[in-house]
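The primary structure of each chain is shown beneath.
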Amino acid sequence: MSHPIIALQAALVGAIRAALDTPIFDAPPRDAVAPYIAIARHDLRPRDGDGAPGHEHFLLLHVWAAQASRKTALAIADEVIALALALDCETLAITLRRHDRTDTAIDNATGRARAAIALTFFSEPS
């Protein structure tokens, strides 16, 4: 059985790649050209109940726009959120999908806009 982080992340990356033209990376290559999405964090906490092993996933995704446009970053972020809230996984039963928050900023070093998306999922083996 695959680790729950790997299973959930693979499902999310697959859904994003199938639906969007925006590349997604665990860590963007040094020469990555925006727009792109980066998985900044994926934390896991055990959440066992009813005799079934479960997990609570906390994901932080960064959406980078090619220019200083929050509107552009948020348009991509909205698509990512919609995909995450409809996410299915072959090896996990996802029992909760939640968008916790979206933060935006203009990066001083690059002048690009970034939207940070915080998501929570509950999963159990399927």
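Just above sits the structure.
These figures come from a predicted structure and were not determined experimentally.

Procedures and definitions
Residues numbered from 1 in each chain as written. Predicted model: local features only at pLDDT ≥ 70, side-chain atom pairs only at ≥ 80, totals over all residues. Heavy atoms only, no water. Pairing = 2+ DSSP bridges. Helix = DSSP H or I, 4+ residues; strand = E, 2+ residues; numbered from the N terminus. Contact = heavy atoms within 4.5 Å. Core = buried A, V, L, I, M, F, W, Y, C linked by side-chain atoms within 4.5 Å. Buried < 20%, exposed > 50% of the residue type's maximum accessible area, 1.4 Å probe, protein only.

(A) Representation of the pairing of strand S2 (residues 36-46) in the model. With two bridges connecting them, strand S1 (residues 24-25) and S2 associate as parallel partners. Across the sheet, residue Phe 25 finds its bridge partner in S2, namely Ala 38. The sheet contact formed by S2 and strand S3 (residues 55-64) spans 10 bridges and is antiparallel. Looking at the pairing, Leu 44 lines up with His 57 of S3.

(B) Structural context of the environment of Gln 67. Locating Gln 67 in the fold gives a position in the loop between S3 and helix H2 (70-85). A C-alpha to C-alpha distance of 6.2 Å links Gln 67 and Ala 113, two positions 46 residues apart in sequence. Not counting chain neighbours up to four residues away, the residues in contact with Gln 67 comprise Thr 72, Gly 111, Arg 112 and Ala 113.

(C) Spotlight on the nonpolar core. By size, the foremost hydrophobic cluster in this structure holds 29 residues, and its most contacted members are Ile 37, Leu 61, Val 80, Ile 117 and Phe 121. Every element with two or more residues in this core is listed here: helix H1 (4-19), S2, S3, H2, strand S4 (92-106) and strand S5 (113-125). Dropping the residues within four chain positions of it, Ile 37 is found in contact with Ile 16, Leu 20, Thr 22, Pro 23, Ile 24, Phe 25, Leu 61, His 62, Val 63, Ile 76 and Val 80. Ala 32, Tyr 36, Ala 38 and Trp 64 belong to the second largest nonpolar core, which has five residues in total.

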